[in-house]
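# Observations on the model geometry
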Amino acid sequence: YRDDDDINDVTSMAGVNLNEESARIMATNSDLVGTQIQSCKDEPFLAAVPLQKRILEMAKKLGITDVPAEVVTFISHATQNRLRTVIEKVTVITQHRMESYKDDEWYEQATDVRSQLKFFEQLERLEKQRKDEQEREILLKAAKSRSRQEDPEQARLKQKAKEMQQQELAQMRQRDANLTALAAIGPRKKRKLDSPGLLSAGGEGLGVSGGGQAGLGNPSSRQYARQKITRVNLRDFIFYMEQERETSHSLLLYRALLK
């Protein structure tokens, strides 16, 4: 019967040694041999006692007098999952709001509100300057007039022209005084960045290199990577509530719009 056993032994016919394979598997997963795996402790997201008290208060209105602990745990996990979903969606909305398409080659700028506002401000400034010039000419004509009739309106214009001339004279004197003071002080001297006594922003002296320059050769090594912070505002939450079916017609959304 030995020949029949050799024929039925498929592993031997394929050239596989089970003992060697078992030893190799045990050596590969040696760190997992003998370890025990158990589930983590189920910790609720919300405090159990206040949550159970709140659930009992709401359940008594429906005629329910007993709420098991499993229900409290389930509601706590559901709240955690809901809060995680809301935060993820609002974060995506905020990132889309902060994203800039100015440097994208597939987008071109259609309108520039800032430039339009600057243009309107410049127009208003020119219009104001034109009106001031017209008023100044009227006041100067009124001041030069030598009418003998005592007109109160003419006297008021003369007084206003006199005040305007005094104000312009005071501004010219102040401008001349400022120019004189700047000329007396002289040009400001720029500090050399390669001076050995230069202090850093933290107040510590920078080391001097062999060439006599301060150790500013590699500024990137002194800069620490800043963690990117996503700041969510009320407008992002309002946009999120408008898109959700549960909150698109809720009282909470209307209260947020009124703020």
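Residues numbered from 1 in each chain as written. Predicted model: local features only at pLDDT ≥ 70, side-chain atom pairs only at ≥ 80, totals over all residues. Heavy atoms only, no water.

## Let's talk about the overall build of the protein chain
Just so we agree on the cut-off: Every helix listed is a DSSP run of H or I at least four residues long, and every strand listed is a run of E at least two residues long, numbered separately from the N terminus. Partly exposed describes any residue whose relative accessible area lies between the buried limit of under 20% and the exposed limit of over 50%, with all areas from a 1.4 Å probe on protein chains only and scaled to the type maximum. The contact rule is simple, with two residues in contact once any of their heavy atoms fall within 4.5 Å. All accessibility values rest on the Shrake-Rupley procedure with a 1.4 Å probe; residue burial counts only the protein chains present in the view.
Looking only at helices and strands, the protein chain features nine helices and zero strands. By the burial criterion, 11% of the 259 residues in the protein chain qualify as buried. Considering only intrachain contacts with a sequence separation of at least 6, the fraction spanning at least 24 residues in the protein chain is 41%. Surface exposure of the protein chain reaches about 24200 Å², of which carbon and sulfur atoms provide 54%.

## Focus on the packing of helix α8 (residues 234–243) against helix α9 (residues 251–258)
The condition that has to hold: Convention adopted: a line fitted to C-alpha atoms gives each axis, helices being fitted over their contacting stretch, and angles between N-to-C directions are expressed from 0 to 180 degrees. Should the near helix be turned anticlockwise from the far one by less than a right angle, the crossing is left-handed, and should it be turned clockwise, the crossing is right-handed. Residue polarity follows a fixed list, in which Ala, Val, Leu, Ile, Met, Phe, Trp, Tyr, Cys and Pro are nonpolar, Asp, Glu, Lys and Arg are charged, and the others, Gly among them, are polar.
With their axes 10 Å apart at the nearest point, α8 and α9 run at an angle of 150° to one another. At the point where α8 passes α9, the crossing takes the left-handed sense. Every residue of α9 that contacts α8 at L234, I238, M241 and E242 is listed here: L252, L253, A256 and L257. The residue inventory of the contact of α8 with α9, partitioned by class, reads seven nonpolar, no polar and one charged.

## Section: the side chain of T247
We count it as follows: Here a polar contact is taken to be a pair of N or O atoms separated by no more than 3.5 Å, where protein atoms must pair a possible hydrogen donor with a possible acceptor and residues adjacent in sequence count only if both atoms sit in side chains.
In this structure, T247 sits in the loop between α8 and α9. Under the relative-accessibility criterion, T247 is labelled buried at 14%. Within the local environment of T247, its side chain forms a polar contact with the backbone oxygen of M241, the two atoms lying 2.9 Å apart. Sequence-distant contacts of T247, defined by excluding residues within four places in its chain, comprise Y240, M241 and L253.

## Remarks on the packing of helix α6 (residues 113–144) against helix α7 (residues 152–185)
Where we set the bar: Should an angle fall under 35 degrees it is called roughly parallel, over 145 degrees roughly antiparallel, and 65 to 115 degrees roughly perpendicular, with every other angle called oblique.
Two elements in contact, α6 and α7, have axes separated by 8 Å at closest approach and are oriented at 115°. Overall, the two elements α6 and α7 adopt an arrangement that is roughly perpendicular. Crossing geometry of α6 relative to α7 is assigned as left-handed. Judged by residue contacts, E135, R136, L139, L140, A142 and A143 of α6 engage Q154, L157, K158, K160, A161, M164, Q165 and E168 from α7. Of the residues that constitute the contact of α6 with α7, the class distribution is seven nonpolar, two polar and five charged.

## A closer look at a nonpolar patch on the surface
What counts, and what does not: For patch detection, residues must exceed 30% relative accessible area and be free of salt bridges, and they are connected within 9 Å for like charges or within 5 Å for nonpolar side chains (Val, Leu, Ile, Met, Phe, Trp, Tyr). For this analysis, a salt bridge means a side-chain nitrogen from Lys or Arg found within 4 Å of a carboxyl oxygen belonging to Asp or Glu.
Judged by side-chain polarity, V113, L117, F119, F120, L123 and L126 come together as a nonpolar surface patch covering roughly 580 Å² of accessible area. Within the fold, L117 resides in helix α6.

## Brief notes about the layout of surface pockets
Just so we agree on the cut-off: We place a 1 Å grid over just the protein atoms. Points where a 1.4 Å probe fits but has no way out form a cavity, open points with protein on both sides within 12 Å along at least 5 of 7 lines form a pocket, and any residue with an atom within 4 Å of a point lines it. Grid points are joined across faces, edges and corners, and a volume is the space filled by probe spheres set on the points.
Looking at the second largest pocket, its volume works out to about 200 Å³. Every residue lining the second largest pocket is listed: Q129, D132, E133, E135, R136, L139, K160, M164 and Q167. For the lining of the second largest pocket, the secondary-structure elements that each account for two or more residues are α6 and α7. When grouped by side-chain class, the residues that make up the lining of the second largest pocket number two nonpolar, two polar and five charged.

## Side note on the environment of F74
Positionally, F74 belongs in helix α5 (residues 69–98). Since its relative accessible area comes to 61%, F74 is described here as exposed. With 30 residues separating them in the primary sequence, F74 and P44 have C-alpha atoms 8.4 Å apart.

## Examining helix α4 (residues 48–60)
Using the following cut-off: How far a helix is expected to stretch is found by multiplying one less than its residue total by 1.5 Å. By arc we mean the arc of the directions from the helix axis to the C-beta atoms, nothing more.
Compared with the 18 Å implied by 1.5 Å per residue over 13 residues, the 18 Å span of α4 between its first and last C-alpha is a close match. For α4, the complete set of buried residues consists of L51, I55 and A59. For α4, the buried positions fall inside an angular range of 70° around the axis, keeping them on one side. Turned more than 90 degrees from where α4 packs its buried face, V49, P50, K53, R54 and K60 sit exposed.

## Remarks on the packing of aromatic side chains
Threshold: Note on aromatic pairs: the rings of Phe, Tyr and Trp (six-membered ring only in Trp) are paired at centre separations within 6.5 Å, and the planes decide the class, stacked below 30 degrees, edge-to-face beyond 60, tilted for the rest.
Counted by the stated rule, this structure contains one aromatic pair. Considering the side-chain rings of F119 and F120, the 6.0 Å spacing of their centres and the 55° angle between planes classify their relative orientation as tilted. Taking the relative accessible area as the measure of exposure, F120 reaches 46% and is therefore partly exposed.

## Description of the pattern of salt bridges
Across all of its chains, the model carries six salt bridges by this definition. Across the salt bridge formed by D236 and R97, the nearest N and O atoms sit 2.9 Å from each other. Placement of D236 in helix α8 and of R97 in helix α5 is noted, with a sequence separation of 139 residues between them. According to the relative accessible area criterion, D236 is buried, its value standing at 2%.

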